[in-house]
Amino acid sequence: MKDFYTLSDLRRWQEVTGDVSPPIRLAVFGDPVIHSRSPQMHNAGLAERGINARYCRLHIKEDELEEALALLPKAGFIGANLTIPHKVAALKHIGKIAPAAQAIGAVNTVVVEADGSLSAQNTDGPGLVRAVQSELGAELGKLRVAVLGAGGGAGRAIAVQCRLEGCPRVVLLNRTLEKAQQVARELGAPAEAVPWTPDTIAGILEEVDLIINATSMGMKPGEPSVVPAEAMRPGLLVYDTIYTEDHTPLVAAALQAGARAANGLSMLLHQGARSFEVWFGGEAPVEAMRRGLTASKQA
Ligand code: NAP
């Protein structure tokens, strides 16, 4: 199996991959895609369950998405995951979208149905719910939550999930305030948009149980924590969706403040586990998938 395939390979799938065993029947579409750890995670799950299929990377450019999706049934695919830049654009090419994904306005999991049509859903939100449970020992729906970066793709998915779970308070902050206001208008009370200033952050952190970082601040080496340690307190729960390192700047600052914190690797794992369940039913082999994910990090 190659590190990644392209649209031109997908057009001649049997010819190009006919000698790969087990056959490749799942993929992640992205641009770029080479960094994706999804194959290691899903292939570990497929092997654990004894399923005769493999999962690969497909480098699909923005203007290739429609054709690539249309080729999936003929190429014998079970489904696919979508990452940047396809999560929003795919909505217009897929016939059946789950209601929660419609509300989020983005999909990350595609299913090839028995009749060859496509359906899609979004497992990022459910993945976060499980991650908060497993890493922070808390039930998302019972928490007062502040979402930093609520106007971005991941932040929006998280904000919608907070509303679906019934969180008693959902405070939306975004560098560009209008985007958070738009999400708050769509979700309605108790979601509210608040301007992001050092003063508002300090006040909000006194009034919530959990803060979730859905900005990309902290991904690049040397970037500071999106919230300084001084603004956090013992007992606060902190979830950083970034997973570039174990102690991301926010996780490090939170631990320094005595807060309980986790990075985004568990969200990646659980959104993948949920996708696996969408494709195959039953419970995903989460521990095998976790081992696959961590092994790939070391590779
Ligand atoms: P996106 O749609 O481009 O959104 C980026 C967000 O970050 C926007 O809200 C943006 O604010 C904000 N932002 C960027 N630079 C900032 C800065 N210097 N200060 C404050 N805010 C800043 O990206 P995305 O796809 O949602 O991804 C966002 C993050 O979520 C990434 O770190 C990604 O790794 C993570 N993520 C993790 C998982 C997981 O499974 N763990 C899944 C999906 C995403 P403006 O609106 O003002 O530009």
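Before reading further, recall that the structure is shown in the block above.
Residues numbered from 1 in each chain as written. Predicted model: local features only at pLDDT ≥ 70, side-chain atom pairs only at ≥ 80, totals over all residues. Heavy atoms only, no water.

Considering the packing of helix H7 (residues 153–165) against helix H8 (residues 177–187)
It is the contact of H7 with H8, at a shortest axis distance of 11 Å, that shows an interaxial angle of 30°. With respect to H8, the element H7 is oriented roughly parallel. Considering only the axes of H7 and H8, their crossing is right-handed. Together, Arg 156, Ala 159, Val 160 and Arg 163 of H7 and Val 183, Glu 186 and Leu 187 of H8 make up the contact between the two elements. Considered class by class, the residues forming the contact of H7 with H8 number four nonpolar, no polar and three charged. (Axes fitted to C-alpha atoms, helices over the stretch in contact; angles between N-to-C directions. Helix = DSSP H or I, 4+ residues; strand = E, 2+ residues; numbered from the N terminus. Parallel < 35°, antiparallel > 145°, perpendicular 65-115°, else oblique. Left-handed = near helix turned anticlockwise from the far one by under 90°. Contact = heavy atoms within 4.5 Å. Nonpolar A, V, L, I, M, F, W, Y, C, P; charged D, E, K, R; others polar.)

Re the layout of surface pockets
Considered as a void within the structure, the largest pocket measures approximately 1700 Å³ in volume. For the largest pocket, the lining is made up of 49 residues, of which Ile 84, Lys 87, Ala 154, Met 219 and Thr 241 are closest to its centre. Among the elements of the structure, strand S4 (79–82), H7 and helix H11 (265–280) are those that each provide at least two residues to the lining of the largest pocket. With four residues, H7 is the single largest residue contributor to the lining of the largest pocket. For the lining of the largest pocket, the class distribution of residues is 19 nonpolar, 22 polar and eight charged. (1 Å grid on protein atoms, 1.4 Å probe; cavity = no way out; pocket = protein on both sides within 12 Å on 5 of 7 lines; lining within 4 Å. Points joined across faces, edges and corners; volume = space filled by probe spheres on them.)

So, the nonpolar core
In this structure, Leu 128, Leu 140, Val 145, Ile 158, Leu 172, Leu 210 and Tyr 239 are the most contacted members of the largest nonpolar core, which totals 33 residues. Counting residues per element, the ones that place at least two in this core are helix H6 (124–136), strand S8 (144–148), H7, strand S9 (169–173), H8, strand S11 (210–213) and strand S12 (237–240). The next biggest cluster of nonpolar side chains, apart from the first, holds 29 residues, and it includes Trp 13, Ala 80, Val 112 and Leu 118. (Core = buried A, V, L, I, M, F, W, Y, C linked by side-chain atoms within 4.5 Å. Buried < 20%, exposed > 50% of the residue type's maximum accessible area, 1.4 Å probe, protein only.)

A look at the packing of H6 against H11
Axis separation between H6 and H11 bottoms out at 7 Å; the angle between their running directions is 125°. Judged by the inter-axis angle, H6 sits oblique to H11. Like other packed secondary-structure pairs, H6 and H11 cross with a definite hand, here right-handed. For the pair H6 and H11, the contacting residues are Asp 124, Pro 126, Gly 127, Leu 128, Arg 130, Ala 131, Ser 134 and Glu 135 in the first and Ser 266, Met 267, His 270, Gln 271, Ala 273, Arg 274 and Glu 277 in the second. Tallied by class, residues from the contact of H6 with H11 come to five nonpolar, five polar and five charged.

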